[in-house]
Amino acid sequence: MTKTYAEAWEGCLKIIKDNVSIQNYKTWFDPIRSIKLSKSVLTIQVPSQFFYEWLEEHYIDLLKKTIRKELGALGKLEYNIVIDNSMSKPYTVKIPTSARPSDNPVVPIPMDINNNIRNPFVIPGIKKIKIDSQLNPNYSFDNFIEGDCNRLARSAGFAVSNKPGGTAFNPLLIYGGVGLGKTHLGHAIGIKIKEEFPNKIVLYVSSEKFTQQFIDSVKNNKQNDFINFYQLIDVLIIDDVQFFAGKEGTQKVFFQIFNHLHQNGKQLILTSDRAPVEMQGMEQRLLSRFKWGLSADLQSPSLETRIAILEKKMHADGVELPKDVVEYIAYSITTNVRELEGALISLLAQGSLNKKEITLELAKQMIDKFVKNNAREVSIDYIQKVVCDYFKLPIELLKSKTRKREVVQARQIAMYFAKNLTKSSLANIGMHCGGKDHATVLHACKTVNNLIDTDKHFRKYIEDLGKLVSID
Ligand code: ADP
Ligand code: MG
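As the structure is a computational prediction, the values presented were derived from the model and not from experiment. (Residues numbered from 1 in each chain as written. Chains lettered and ligands numbered in written order. Predicted model: local features only at pLDDT ≥ 70, side-chain atom pairs only at ≥ 80, totals over all residues. Heavy atoms only, no water.)

1. Some remarks on the site of ligand 1
Inference 1: In the vicinity of ligand 1 there are 17 residues, among which Ile145, Gly179, Lys182, Thr183 and His184 approach most closely.
Inference 2: Between ligand 1 and Ile145, the relevant distance is 2.8 Å, taken from a nitrogen atom to a main-chain nitrogen or oxygen of the residue.
Inference 3: A distance of 3.4 Å separates a nitrogen atom of ligand 1 from a polar atom in the side chain of Asn150.
Inference 4: Coverage of ligand 1 by the protein chains reaches 92% of its 560 Å² of free accessible surface.
Inference 5: Broken down by secondary-structure element, the contributors of at least two residues to the shell around ligand 1 are α6 (182-196) and α13 (337-353).
Inference 6: Class assignment for the residues of the shell around ligand 1 results in 7 nonpolar, 7 polar and 3 charged. (Near = heavy atom within 4 Å. Polar contact = N/O pair within 3.5 Å; in protein donor to acceptor, adjacent residues only side chain to side chain. Areas by Shrake-Rupley, 256 points an atom, 1.4 Å probe, with all protein chains shown as cover. Helix = DSSP H or I, 4+ residues; strand = E, 2+ residues; numbered from the N terminus. Nonpolar A, V, L, I, M, F, W, Y, C, P; charged D, E, K, R; others polar.)

Structure follows, in structure tokens:
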């Protein structure tokens, strides 16, 4: 009894179904059509070059076994690749499934097929799918300074890197303000995964690029290629997902890709400049999925972390600066690591351009210009440092809860200056000064004002300190 090609392929599909997950079956085998059976050679048609390469790479053994079971020891498979809908002249490649993968002949792929691969990340090649992960090697974990401000996000990222798709942190959503290291951390995770699992397909993409690619795919009627491509990724890192807000089409397609990847145990890493609850214009079903995994925030770095970041950066660039200069930069720029680095770079440039030694004086002039918006605002940290230096107290004491008399007074003075010279809220000032509440800060300001009015020596302290803390 001879089988028809349809029957033969039916038989194959039955075996395949038992050997792959439903999702993979749907993705990779459902779209295949059988078109010919001649002698023991079954010809199947696959939708794209990409598809063929994927089957070749991932299912060659299964296909080999299946064909032999179904058509006997001489059974062979031939692929028919649909080049393009508009010029549907199928191109046939013979795959000798009886050969060992290692001595597979190189399959000739005509140029137009390669050119046909529209996906910008696919480097046209003959056998393996190669995807440029778009990772920046400078943004590694090694270059990422750990601090209280980023501990949760960093360690979750680290855990994900060691077991992509295998932790509860899926998706991992990293959120936080501008310049706090979201992009850096996203890359670091990708880089580490590539180191640990070189075969995993990792892709970093900004949400803008993703959106643009999607729009292009719609224009060119290549939406399926777009979706298929993204569904192949093992680790998908999408930066700044808040840009999806208000873009319904993009959200819809992202939802589909998200579900596919998540169901297949693939890892998603997303970054955003705000927490999921604050993302307006984002579909509810997408937001609820963001919450499936872990949302970890990045806070502004503490003084110690800022100094450590500056030192790391100087070390990487092979430069050195006086300690007081580094501290001044770290004291002055408090909320944004990118600005912190920017200030350092400008200062180094200034120094080398003008062949000037980089002194605290130069740093002060520079930083004042650099921090334009709040040039007149000193930081709480800086005030605390100046006050502690003045009274010769360790800064840790001032930040602690201790009620020793001399510390209490220094702390009150620091609160007073913070209230008058910064835009910080009372609560924030209290938090920085021994974890006190806003009422304590108010009380401190009253006490200081009273003492200024009644105590000559005290007034002198405040005048001296006033000069020292001012950054003019
Ligand atoms: P975001 O994406 O949150 O706006 P980036 O990841 O682009 O911020 O970070 C801004 C700059 O600050 C980058 O040059 C990055 O390397 C640096 N940076 C941020 N956080 C750290 C950190 N913890 N350690 C070292 N460098 C950092
Ligand atoms: Mg970023």
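Having seen the structure, we can now continue with the description.
2. A look at the nonpolar core
Inference 1: In this structure, Ile16, Phe29, Leu55, Phe210, Tyr230, Leu236 and Phe290 are the most contacted members of the largest nonpolar core, which totals 55 residues.
Inference 2: Here this core takes 9 residues from helix α3 (residues 49-71), the largest share from any one element.
Inference 3: Among the nonpolar cores identified, the runner-up in size contains 54 residues, and Ala363, Val387, Met415 and Tyr416 belong to it. (Core = buried A, V, L, I, M, F, W, Y, C linked by side-chain atoms within 4.5 Å. Buried < 20%, exposed > 50% of the residue type's maximum accessible area, 1.4 Å probe, protein only.)

3. Quick notes on the confidence of the model for the protein
Inference 1: When pLDDT is averaged along the protein, the result is 84, and 87% of the positions lie at 70 or above.
Inference 2: Long-range and interchain partners of residues 84-128, a stretch whose pLDDT sits below 50, account for 91 contacts in this model, where long-range means more than four residues apart. (pLDDT = per-residue confidence, 0-100. Contact = heavy atoms within 4.5 Å.)

4. Let's talk about the pattern of salt bridges
Inference 1: Applying the stated criterion across every chain, the model contains 17 salt bridges.
Inference 2: Among the salt bridges present, the one from Lys192 reaches Glu196, with a minimum N-O distance of 2.8 Å. Separated by 4 residues within a single helix, Lys192 and Glu196 lie in helix α6, roughly one turn from each other.
Inference 3: Residue Glu196 is classed as partly exposed on the basis of its relative accessible area, which comes to 41%.
Inference 4: Ionic pairing is found between Arg274 and Asp273, a salt bridge with its closest N-O pair at 2.7 Å.
Inference 5: Through salt bridges that share partners, Glu146, Asp148, Arg151 and Arg154 make up one connected network. (Salt bridge = Lys/Arg side-chain N within 4 Å of Asp/Glu carboxyl O.)

5. Some details on the environment of Tyr230
Inference 1: With respect to the secondary-structure elements, Tyr230 resides in helix α8 (residues 223-231).
Inference 2: Taking the C-alpha atoms as reference points, Tyr230 and Leu203, separated by 27 residues in sequence, lie 9.0 Å from one another.

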